[in-house]
Amino acid sequence: MLLTNYHTHHDRCKHAKGDVEAYVKEAVKHNYAEIGMSCHTPHQNFPQMGTRRMDYSELATYFKDIEQAQKKYPQIKVLKALECEYFPHLHDYMTELKQQTDYLILAQHYIEIDGKFKDAFHFTKPEQLNVYASCIEEALATKLFAILAHPDVFMTLYPRWDEACEAATRQIAQAALDNDVILEVNANGLRRGKQTYQDGVRYPYPSEKFWSIIANEFPTVKVIVNSDCHNPAYLNDEYMQMARDMAKRLNLNVIERL
Ligand SMILES: [Zn+2]
Ligand SMILES: [Zn+2]
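Bear in mind the structure is a predicted one, so any value in this text is a computation, not a measurement.

Cut-offs used in this document
- Residues numbered from 1 in each chain as written.
- Chains lettered and ligands numbered in written order.
- Predicted model: local features only at pLDDT ≥ 70, side-chain atom pairs only at ≥ 80, totals over all residues.
- Heavy atoms only, no water.
- Donors = N, O, S within 2.8 Å, 3.2 Å for Na, K, Ca; no water.
- Buried < 20%, exposed > 50% of the residue type's maximum accessible area, 1.4 Å probe, protein only.
- Helix = DSSP H or I, 4+ residues; strand = E, 2+ residues; numbered from the N terminus.
- Polar contact = N/O pair within 3.5 Å; in protein donor to acceptor, adjacent residues only side chain to side chain.
- Expected span 1.5 Å × (residues − 1).
- Contact = heavy atoms within 4.5 Å.
- Tetrahedral: all angles 85-135°; square planar, octahedral: opposite > 155°, others 65-115°.

At this site the zinc ion (ligand 1) is bound by His15 (NE2), His40 (NE2) and His230 (NE2), with donor distances of 2.0 to 2.1 Å. Sequence positions of the residues that donate to the zinc ion (ligand 1) give the spacing H-x24-H-x189-H. Using a relative accessible area of 8% as the deciding quantity, one classes His40 as buried. For His230, a relative accessible area of 15% gives the class buried.

Rendered as structure tokens:
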């Protein structure tokens, strides 16, 4: 099996351990063929996106760190990337970032409803899922993004699987198919541990129900399994193996390389 990871953080985001080199070293240790560094995008004038990300002033050195690792570790391909939330007013900035990187990941951690930002880890209402799915549809149509991270993150706090979940899943899958975007099975949701919901005990994400719809109704959608590691030790941990096993068991159309 070809080992790769395209969703990797580092310490400048203020909630991860280890610098760029520490993650690359870990990947080399496990004989990875490729690692994509994809930390949270910094913003200049968008405080609503929070402080758990690098400062805009650090972006250039983040890129430089990746370039240094590319030179120092020729035995592995190191890619330059960012994990972004999309809003229409960011279109020019995202276009610029795409030009400066090998690929961009969309991770819609926030949606805007009535001028207020709501984070996807705390959705509890059907209308929030509708907005989330539409927001993703709009973002993927820009063709700026190669991967959609944890598309099923909306299930983190959502009390039970319902029609809104099914509709959101189908809308997201269709958008991925239409724009040739890869959907991500995200191992970091498994690291959060099983939780109790109204309809049973499950991991916050990946959602078995979400991915079953993908497997049954959208079998050609490309899927990638990513670690979303915030610690070098998590790059290829037991949760990553669980995520790979889940993708295999559900017979998803898994690709190993971008
Ligand atoms: Zn993070
Ligand atoms: Zn991430």
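We are not done yet, so read on.
A few words now on the environment of His122. When you line up the elements, His122 lands in the loop between strand S6 (116-119) and helix H4 (126-141). A relative accessible area of 38% places His122 in the partly exposed class. Placed 32 residues apart in sequence, His122 and Phe154 show a C-alpha to C-alpha distance of 7.7 Å. Side chain to side chain, His122 and Asp119 meet in a polar contact 2.9 Å long.

Let us now look at helix H5 (residues 163-179). At 3.6 residues per turn, the α-helix brings residues three or four places apart onto the same side. End to end, H5 covers 24 Å across 17 residues, agreeing with the expected 24 Å (1.5 Å per residue, within 8%). Summarising the contacts, the buried residues of H5 are in contact with H4, strand S7 (147-148), strand S8 (182-186) and helix H7 (208-217). Asp180, located one to two residues past H5, shows a positive phi value of around 50 degrees.

Surrounding the zinc ion (ligand 2) are the protein donor atoms His7 (NE2), His9 (NE2), Glu83 (OE) and Asp228 (OD), which sit 1.9 to 2.4 Å from the metal. Viewed at the metal, the 4 donor atoms of the zinc ion (ligand 2) are separated by angles of 79 to 164 degrees, and the geometry they form is irregular. Taken in chain order, the donor set of the zinc ion (ligand 2) reads H-x1-H-x73-E-x144-D. Here the zinc ion (ligand 2) and the zinc ion (ligand 1) are spaced 4.6 Å apart. Taken together, the residues span a long stretch of sequence, with His9 in the loop between strand S1 (4-5) and helix H1 (20-29) and Asp228 in the loop between strand S11 (223-226) and helix H8 (238-249) at a distance of 219 residues. Residue classification places Asp228 among the buried positions, given a relative accessible area of 3%.

Keep in mind these numbers describe shape, not what the thing actually does.
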